[in-house]
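Below, each chain spelled out in residue letters.
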There are 2 protein chains.
Amino acid sequence: MFQQLFKSIQEKVVLTPEEMELCKTFFIPKKLRKKQMLLQEGDICIYNAFVEKGILRSFSMDEKGNEHIVQFAIEGWWITDLSSFLTNSNSIYTIEALEDSELLLLTTEAREALMDKIPMFERYQRLLLQNAYIANQARINSALTETAEEKYTNLGNAYPGIVKRVPQHMIASYLGLTPETLSRVRKQITNRI
Amino acid sequence: MFQQLFKSIQEKVVLTPEEMELCKTFFIPKKLRKKQMLLQEGDICIYNAFVEKGILRSFSMDEKGNEHIVQFAIEGWWITDLSSFLTNSNSIYTIEALEDSELLLLTTEAREALMDKIPMFERYQRLLLQNAYIANQARINSALTETAEEKYTNLGNAYPGIVKRVPQHMIASYLGLTPETLSRVRKQITNRI
DNA sequence: AAATTCTATTGATCTATGTCAAGTAAAATT
DNA sequence: AATTTTACTTGACATAGATCAATAGAATTT
């Protein structure tokens, strides 16, 4: 149940065996079937979720009913609406499982208690945030500078696991493209080879 | 020299007077004149900069020579290329002062030493990263869902200080628009009133 | 104060991507 | 196995925003 989590933690910091045992007690295991939701738009996001198995997406919906995917999370990644989670505000995002998934959940209180009791857990969280910040910065730069085709090929190079595993129209949504445009972009790429 | 910095820290955590004194010794004060650079594209970003006074931007350049602004930083904000700063890689960004500015610089080593010696400084860094993450997430969602006009009005509402203080074509660049398009968007808005 | 550079505006035209609609194949559900 | 839903593709057409070019006022620099 905790393999992926401890792998993720140990890549960044060192915990004592006692700390690891303590750590376990704070997480709530949760299974989600495909299409089940961890968070619904309008609700308050009370969990920070670590993905042990499966894949999830978070997305917002515009007035026309179009979904816009802001994040994917596969094994070893975290997902939440941080803004809603930290400020108890209503979320504008929905978080949904794209496959049957196994999660480890932290409430705000559990997360804070863990950080107070285990300083290295706070460091782990900081290091995660640094990586997420860098990834988001890169994505913003990509949105500002790249064409549809560049966005798609670069995503495929950076995260082949996600592009292979997720329906194409969701990749389009994540890149800010329509499914039709992505289909045409892919056609152009294959025609060129 | 340290007013803004301690204001920023004290909004998030509590430091003892001794810790505050210790803290000061790690920062390098630096003044930049308008148009001077803190970081040039291709160089390694060796500083994490806190803005005591003034305003800076970080931007990337595409093949056509167009600049794309990824961040502004005014008094009380931090700016760096985190990816380059943390991994000693060559930066794809340039960081430049838009007005005469006063900065407090931290090297990677100084930042790490501070976090080791003052746990609350690490917490402060984590809380900064959380806020930055939320802001970046919002910007990604904005890029995916909003029209040119919505982007502009929302930015003006969220950060009036920046929109007033910076040339219009730089606001356009930050929003991923051409200066011409932003000019037309603004005209439409005023015509409508 | 003259010269230069920067900034914003406007018009004409272009283009990348979006929209709408139809058709097929594959997957999931009953 | 049949039905329904989901996924992807393709064509025709529309449009938001980009590009190119010209102008003019402000702000800087000399």
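Residues numbered from 1 in each chain as written. Chains lettered and ligands numbered in written order. Predicted model: local features only at pLDDT ≥ 70, side-chain atom pairs only at ≥ 80, totals over all residues. Heavy atoms only, no water.

(A) View of the protein's contact with DNA strand C. Looking at DNA strand C, there are 19 residues lining it, with T181(A), Q168(B), H169(B), S183(B) and R184(B) nearest. A share of 65% of the atoms of DNA strand C within 4 Å of the protein falls on sugar and phosphate groups. H169(B) is positioned with one of its backbone polar atoms (N or O) 3.1 Å from a phosphate oxygen of DNA strand C. Mapped by element, the contributors of at least two residues to the surface near DNA strand C are α9 (179–192) of chain A together with α8 (168–175) and α9 (179–192) of chain B. (Near = heavy atom within 4 Å. Polar contact = N/O pair within 3.5 Å; in protein donor to acceptor, adjacent residues only side chain to side chain. Helix = DSSP H or I, 4+ residues; strand = E, 2+ residues; numbered from the N terminus.)

(B) Structural view of the pairing of strand β4 (residues 55–61) of chain B. All names here are of chain B. Extensive coverage of β4 is indicated by the burial of six of its seven residues. The pairing of β4 with strand β5 (residues 67–74) spans seven bridges and is antiparallel. Paired with R57 across the strands is F72, a residue of β5. Between β4 and β5, which follow one another and run antiparallel, lie five residues, and G65 among them has a positive phi close to 90°. Two strands pair when backbone bridges link them, and β4 and strand β7 (residues 93–97) are joined in this way by five bridges, in the antiparallel orientation. Each bridged residue has a counterpart across the sheet, and for R57 the counterpart in β7 is E96. (Buried < 20%, exposed > 50% of the residue type's maximum accessible area, 1.4 Å probe, protein only. Pairing = 2+ DSSP bridges.)

(C) Highlighting the packing of helix α2 (residues 17–26) of chain A against helix α4 (residues 108–117) of chain A. Residues and elements named next belong to chain A. Orientation of α2 relative to α4, taken along the N-to-C sense of each, is 165°, at an axis distance of 10 Å. Accordingly, the angle class assigned to the pair α2 and α4 is roughly antiparallel. Crossing hand, α2 versus α4: right-handed. Contact residues: L22, C23 and F26 in α2; A110, A113, L114 and K117 in α4. (Axes fitted to C-alpha atoms, helices over the stretch in contact; angles between N-to-C directions. Parallel < 35°, antiparallel > 145°, perpendicular 65-115°, else oblique. Left-handed = near helix turned anticlockwise from the far one by under 90°. Contact = heavy atoms within 4.5 Å.)

(D) Unusual backbone geometry, seen in detail. The phi angle at K35(A) is positive, at roughly 75°, despite the residue not being glycine. Inspection of the secondary structure assignment puts K35(A) in the loop between β1 (28–32) and β2 (37–39).

(E) Quick peek at the protein's contact with DNA strand D. Within the structure, DNA strand D sits among 18 residues, and Q168(A), H169(A), S183(A), R184(A) and T181(B) are positioned closest to it. Interatomic distance of 2.6 Å between a side-chain N/O atom of R184(A) and a base nitrogen of DNA strand D. In this structure, a phosphate oxygen belonging to DNA strand D sits 3.0 Å away from a side-chain N or O atom of T178(B). Among the secondary structure elements, those contributing two or more residues to the surface near DNA strand D are α8 (168–175) and α9 of chain A together with α9 of chain B.

(F) Layout of the UniProt feature "domain: Cyclic nucleotide-binding" (unreviewed entry) in chain A. In the UniProt entry, the feature "domain: Cyclic nucleotide-binding" (unreviewed entry) is given for residues 30–116 of chain A. Measuring from the first to the last C-alpha atom of residues 30–116 of chain A gives 24 Å, for a span that is 17% helix and 46% strand. (UniProt positions renumbered as here; feature names shortened; annotations may be inferred.)

(G) Inspection of the sheet that holds strand β2 (residues 37–39) of chain B at higher detail. If you trace the four strands from one edge of the open sheet to the other, you get β2-β7-β4-β5 (chain B), paired in antiparallel fashion. A strand with exactly one partner marks an edge of an open sheet, and here the two such strands are β2 and β5 of chain B. When strand polarity is set aside, the average angle formed by the axes of neighbouring strands in this sheet is 25°. Contacting β4, β5 and β7 of chain B, helix α5 (residues 119–145) of chain A crosses the sheet at an angle of about 135° to β5(B).

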